[in-house]
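# Survey of secondary and tertiary structure
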Amino acid sequence: MQIQATKIEQIHGSIHQPQRLRDKKVSDLITDKRRLVEVPYTASLADTMNALMANRITAVAVAAPPGHWIGAGGSMILESDKQTGEVRKHYIGMVTMLDILAQIAGNHVELENVSGGEGDDLDQKMKVPVSSIIGRCLESLSLWTLNCNTSIVDCMEVFSKGIHRALVPADSQMENVAGVELVESASSYRMLTQMDVIKFLKAYKNELKGILSRRVKEIGAVSDIVFGVTNRTKVIDAIKCMKTASLNAVPIVQSSNDTEDHTQLINGKHRMLVGTFSATDLRGCSLSQLKSCMHLSVIEFIEKCSGTPLHEASGLRTSTKELVTCYPESTLGEVVDKAINNHVHRVWVTDEQGLLVGLVSLTDMTRVIRSWMLSEPV
């Protein structure tokens, strides 16, 4: 019997072979994911900001009573009781740190025209319900869902188009579906992000060595259009620029001359890279720090905040001192490792002189890996 079993294994070796990457599904990506972090629609902006920092996340779902709201983009993503099916809540949107920062920066300008009391007025503004800022930034306008049965390749297609996160119903009855603004009901959800996908792919580095060993410049992974701000740009102007362009982070480049407009995004290509200004990094700063430093330069602000206990407790890197960069000749595997190890969503590409030539984002990484997987024979 043992001999017969051995022969069967030799003939059908795949019986005991681990499942291939392309056979994986979204359900395999969320096995270790905790329950969705959310805030009620009545939560203040200050409370929402605290929730982001306490859970070390970059976005939080906003829940409201069913039947009273139209969700972001018209979506109907509901949480229901597992036994009775009764709808308990309706997810009406997603709020990121950029949404909150944009609110602070926008109010800051308005408050400058009011004599005195700027800090007190801003405190009042941060008491407004989080539901009031949903949709202020482009990403909050749509809620994406991915079904547990969605294949890894289809899941990667969504994230390769610039979608940063999606809700995954833990017990959906729907089939293989990936989309936006769907009617979806489940007893609980998980949040799946681009970083989750990249970390999952790294675990299959041997299977992906055909693409991970290639240079990023050779496989079209480098985005050569890169907008940034100068080291003399004020925090308030940087946040406004990021909101307008829907950018969660921008490179900080050395100012070239006194006549340069420091209030607008500039072409950062072939400029000396000196830092990164990221909405995620600002999650580690207290509200009092944010509102008191709006008119500091981005470099001054980051230096001031990076050494505070609150910022260090948030688990964030020091943006200006720990630039995460690569070269056009770097392999994709090296760039993936840099992104994961430094908890960043993009790696700046520089030449040997430190001049910025582009960036490789998680979107780019997902796109080129998926394209290679599809080109490989089954």
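Reading guide: rules and limits
Residues numbered from 1 in each chain as written. Predicted model: local features only at pLDDT ≥ 70, side-chain atom pairs only at ≥ 80, totals over all residues. Heavy atoms only, no water. Helix = DSSP H or I, 4+ residues; strand = E, 2+ residues; numbered from the N terminus. Buried < 20%, exposed > 50% of the residue type's maximum accessible area, 1.4 Å probe, protein only. Contact = heavy atoms within 4.5 Å. Areas by Shrake-Rupley, 256 points an atom, 1.4 Å probe, with all protein chains shown as cover. Pairing = 2+ DSSP bridges. Axes fitted to C-alpha atoms, helices over the stretch in contact; angles between N-to-C directions. Salt bridge = Lys/Arg side-chain N within 4 Å of Asp/Glu carboxyl O. Phe/Tyr/Trp six-rings, centres within 6.5 Å; stacked < 30°, edge-to-face > 60°. pLDDT = per-residue confidence, 0-100. Polar contact = N/O pair within 3.5 Å; in protein donor to acceptor, adjacent residues only side chain to side chain.

An unreviewed UniProt entry annotates the chain as SNF1-related protein kinase regulatory subunit gamma-like PV42a of Forsythia ovata.

### Quick look at the overall build of the chain
Tallying secondary structure elements over the chain gives 14 helices and 16 strands in all. Expressed as a percentage of the 378 residues in the chain, the buried residues total 49%. Within the chain, residue pairs in contact and separated by at least 24 positions form 71% of the contacts whose partners lie at least 6 positions apart. For the chain, the exposed surface amounts to about 17600 Å²; the carbon and sulfur share of it is 50%.

### Some words on the sheet that holds strand 16 (residues 356–361)
The mixed open sheet is built from 3 strands, whose spatial order is 14-15-16. The sheet is open, and its two borders are formed by strand 14 (325–326) and strand 16, each paired with just one other strand. Note: strand 14 against strand 15 (residues 346–350), 2 bridges, orientation parallel. Directly across from cysteine 326, in strand 15, lies its bridge partner valine 349. Packed onto the sheet, helix 14 (residues 362–375) meets strand 15 and strand 16 and runs at close to 65° relative to strand 16.

### Section: the pattern of salt bridges
This model, assessed by the stated rule, comprises 10 salt bridges. The shortest N-O distance in the salt bridge between lysine 89 and glutamate 38 comes to 2.7 Å. In this pair, lysine 89 sits in strand 4 (residues 87–96) while glutamate 38 sits in strand 1 (residues 38–40), placing the two residues 51 residues apart along the sequence. Of the residues examined, glutamate 38 reaches a relative accessible area of 28% and is grouped as partly exposed.

### Description of the packing of aromatic side chains
This model, assessed by the stated rule, comprises 3 aromatic pairs. Arranged with centres 5.5 Å apart and planes meeting at 85°, the rings of tyrosine 91 and tyrosine 189 form a pair that is edge-to-face. You can see tyrosine 91 sitting in strand 4 and its partner tyrosine 189 sitting in strand 9 (residues 189–193), a full 98 residues away along the chain. Since its relative accessible area comes to 1%, tyrosine 189 is described here as buried.

### Structural notes on the sheet that holds strand 13 (residues 273–278)
With mixed pairing, 4 strands are arranged side by side in an open sheet as 12-10-11-13. Of all the strands in the sheet, the pair left with one neighbour each is strand 12 (266–267) and strand 13. Both strand 10 (residues 227–230) and strand 11 (residues 249–253) contribute to a ladder of 2 bridges, which runs parallel. Along strand 11, the bridge assignment pairs valine 229 with isoleucine 252. Along the sheet face, helix 9 (residues 235–245) touches strand 10, strand 11 and strand 13 and points at about 70° away from the line of strand 13.

### Focus: helix 6 (residues 152–159)
Within helix 6, 6 of the 8 residues are buried, leaving the element largely enclosed by the surrounding structure. Among all positions of helix 6, only Ile152, Val153, Cys155, Met156, Val158 and Phe159 are buried.

### A look at the confidence of the model for the chain
Residues at a pLDDT of 70 or more form 80% of the chain, whose mean pLDDT is 82. The low-confidence segment residues 1–17, where pLDDT is below 50, has 2 contacts with residues more than four positions distant or belonging to other chains. A low-confidence stretch, residues 309–320 (pLDDT under 50), is modelled with 39 contacts involving residues beyond four sequence positions or located in other chains.

### Some details on the side chain of serine 330
Within the secondary structure layout, serine 330 lies in the loop between strand 14 and helix 13 (332–342). On the accessibility criterion, serine 330 (9% relative accessible area) is buried. Here the side chain of serine 330 touches tyrosine 327 through a polar contact of 2.9 Å, landing on its backbone nitrogen. Non-local contacts of serine 330, meaning those with residues more than four positions away in its chain, are made with Arg214, Arg215, Val216 and Val335.

### A closer look at the pairing of strand 16
Along strand 16, 6 of the 6 residues are buried, which leaves the element largely enclosed by surrounding structure. Across 5 bridges, strand 15 lies against strand 16 in antiparallel orientation. Directly across from arginine 346, in strand 16, lies its bridge partner serine 361. Following strand 15, the chain reverses through 5 residues before pairing antiparallel with strand 16; glycine 354 in that reversal takes a positive phi of roughly 85°.

### Observations concerning helix 7 (residues 194–202)
Counting buried positions over the 9 residues of helix 7 gives 7, a clear majority of the element. Those residues of helix 7 not exposed but buried are Gln194, Met195, Asp196, Val197, Ile198, Phe200 and Leu201.

### Digging into the pairing of strand 4
Among the 10 residues of strand 4, 7 are classified as buried, and the element is accordingly described as predominantly covered. Note that strand 2 (residues 59–64) and strand 4 share 6 bridges and pair antiparallel. What sits directly across from valine 62, in strand 4, is glycine 93.

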